[in-house]
Amino acid sequence: MAAALSVQQAGNDVVLLERYRQARPAGNILNLWPPPIKALGLLGVDISDLGAPCYSEFRNVHGHKRVGIDLPQDVIRDYGGGFIGLLRPELYERLLAALPPGVLQVDRGVDSIEQGEGGVRLYMADGTIEEADVVVGADGIDSLVRRTLWGDSSTREHNLHIFGGVTYADETDVQRGLCVVSHNRKVQGSWTSIRHKGRNGFQWWVLETHDAAEEFTGDFHATATRLGADFPQPLPQLIAATDPADVQRWPIRDRKPLKQWSKGRATLVGDAAHPTSPYAAYGAGMASEDGYFLGRRLAGVDLSDYEAVRSALELFEAPRKPHTARQSQQAYILGQMFHHAPAPLQYVRDLVLDRTPLLQKVVGESSPGEILEQIDLIDLIEHDFAATLG
Ligand SMILES: Cc1cc2nc3c(=O)[nH]c(=O)nc-3n(C[C@H](O)[C@H](O)[C@H](O)COP(=O)(O)OP(=O)(O)OC[C@H]3O[C@@H](n4cnc5c(N)ncnc54)[C@H](O)[C@@H]3O)c2cc1C
């Protein structure tokens, strides 16, 4: 939806083809960093009172702080806080409200794609054919567009699963404006403030190893309660306050970063380009940024001109690849380090994380650096975009 908004703002006709009968999110919990919030605002999405601004910390299971994500005050002021806690349905509703009528076509699965120098043909599940100058694969981790361009690749199973839930229970003793990511030897137990449609609440998640080849048959809420029991309050109390119907589970997987995204008149954005583990808490954020940058790069480009399209897509992906690959690789490595370290190394790992600034350097300093870089890039591109539009 972000890509459609940006490409449309650049003066192009856009059709957004969704295979399901409704465009709706597959999950609930979500946090967004300032760059996607900024990009969405520029795309005309209503970002007022969107989510709860949170300061983020990594802690050990005893509550000892290991990392603080310290963003400059002006960024916190301008974009409503460091890390925004919200729920997906509200973001979807706001994106949908920003889309011009007719752009989104639901119940329109794409079966296959063919392209030549003159254009792209999309063969639809309903037997019809769509023709376009450019196709953007925003079709998620199992992307058909990615497969068509670059062949099949196996998913990278992290052998982890995550349980997440939401509660609006009146937990007046719980500090608001905070996101706490905690680890014991094997489990991550985390919680954050949220704001959803004007209501304050909390979301939480617990994450442990799970063999991806094995079906999970346990009870989600009971498993989350067991995993959260080791952690300090408020995590156990937030899990207890959550309606079991509001608990969801996801196995964690991604794919290794691609060397190239675009080919001819086709490109990729979001999970189609860089499927990212929730350890990054940035997959949806990067998808929104991708969409924003893609539209800006296509501004002023004659889409009938094959070479012009190719070079615009190349310019789009060049700066996106290192940023997104770093995020998805770091997320994979953090998952391995926190959950798959052999037992004898776990003690040493935790000693290093508790007593040295290693994690602060790897996560606490690199994340704000990447965030500020994206904000600066958006400023730069927005300036060029305004000049292109005259
Ligand atoms: C538990 C969990 C927590 C997460 N937390 C965060 C977080 O805090 N912050 C964050 O930024 N990210 C988070 N993420 C990651 C984020 O959810 C994903 O990165 C994001 O949803 C990717 O968006 P996308 O639009 O690229 O793909 P998707 O959301 O997968 O959307 C792809 C769309 O394409 C449609 N589609 C697919 N194939 C076809 C076809 N052939 N024809 C037509 N339509 C098709 C699908 O139906 C779908 O609507 C989390 C992920 C999980 C699992």
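An unreviewed UniProt entry lists the protein chain under the name Salicylate hydroxylase, with Rhodococcus wratislaviensis given as the organism. Of the protein chain, the UniProt comment under Cofactor (unreviewed entry) reads exactly: "FAD".

Novice: Please clarify how the state of the cysteines should be interpreted in this entry.
Specialist: Put plainly, two cysteines are in a disulfide when a covalent bond ties their sulfur atoms together. Scanning all chains against the criterion turns up zero disulfides. No disulfide involves Cys54; its sulfur sits 6.1 Å from that of Cys179, the nearest cysteine.

Novice: It is not clear to me how the pairing of strand E8 (residues 119–124) should be interpreted in this structure. Could you clarify?
Specialist: Successive side chains on a regular strand alternate, one facing one side of the sheet and the next facing the other. Across six bridges, the pairing between strand E7 (residues 110–116) and E8 is antiparallel. Of the residues in E8, the one forming a bridge with Val110 is Met124. The antiparallel hairpin formed by E7 and E8 contains two residues in its connecting segment. Alignment of E8 against strand E9 (residues 129–132), held across four bridges, turns out to be antiparallel. Directly across from Arg121, in E9, lies its bridge partner Glu131. Where E8 folds back on E9, the antiparallel hairpin that results is connected by four residues, among which Gly127 adopts a positive phi of roughly 90 degrees.

Novice: Any chance you could explain the sheet that holds E9 here in plain terms?
Specialist: For sheets, the rule is that strands pair by backbone hydrogen bonds, running either parallel or antiparallel. Ordered in space as E7-E8-E9, the three strands form an open sheet in which the pairing is antiparallel. The open sheet has two edge strands with one neighbour each: E7 and E9. For this sheet, the mean angle separating the axes of adjacent strands, direction not counted, is 20 degrees.

Novice: Hey, could you run me through a nonpolar patch on the surface in this one?
Specialist: A contiguous nonpolar patch, built from Leu345, Tyr347, Val348, Leu351, Val352, Leu358 and Val362 and spanning about 580 Å² of accessible area, is present on the exposed surface. Residue assignment for the nonpolar patch shows that the elements contributing at least two residues are helix H10 (343–355) and helix H11 (358–389). Of the residues forming the nonpolar patch, the biggest block, five residues, is contributed by H10. Here Val348 lies in helix H10. Overall, Val348 belongs to the partly exposed group, its relative accessible area being 42%.

Thresholds applied
Residues numbered from 1 in each chain as written. Predicted model: local features only at pLDDT ≥ 70, side-chain atom pairs only at ≥ 80, totals over all residues. Heavy atoms only, no water. UniProt positions renumbered as here; feature names shortened; annotations may be inferred. Disulfide = S-S within 2.5 Å. Pairing = 2+ DSSP bridges. Helix = DSSP H or I, 4+ residues; strand = E, 2+ residues; numbered from the N terminus. Axes fitted to C-alpha atoms, helices over the stretch in contact; angles between N-to-C directions. Patch = residues over 30% accessible without salt bridge, like charges linked within 9 Å, V, L, I, M, F, W, Y side chains within 5 Å. Areas by Shrake-Rupley, 256 points an atom, 1.4 Å probe, with all protein chains shown as cover. Salt bridge = Lys/Arg side-chain N within 4 Å of Asp/Glu carboxyl O. Buried < 20%, exposed > 50% of the residue type's maximum accessible area, 1.4 Å probe, protein only.

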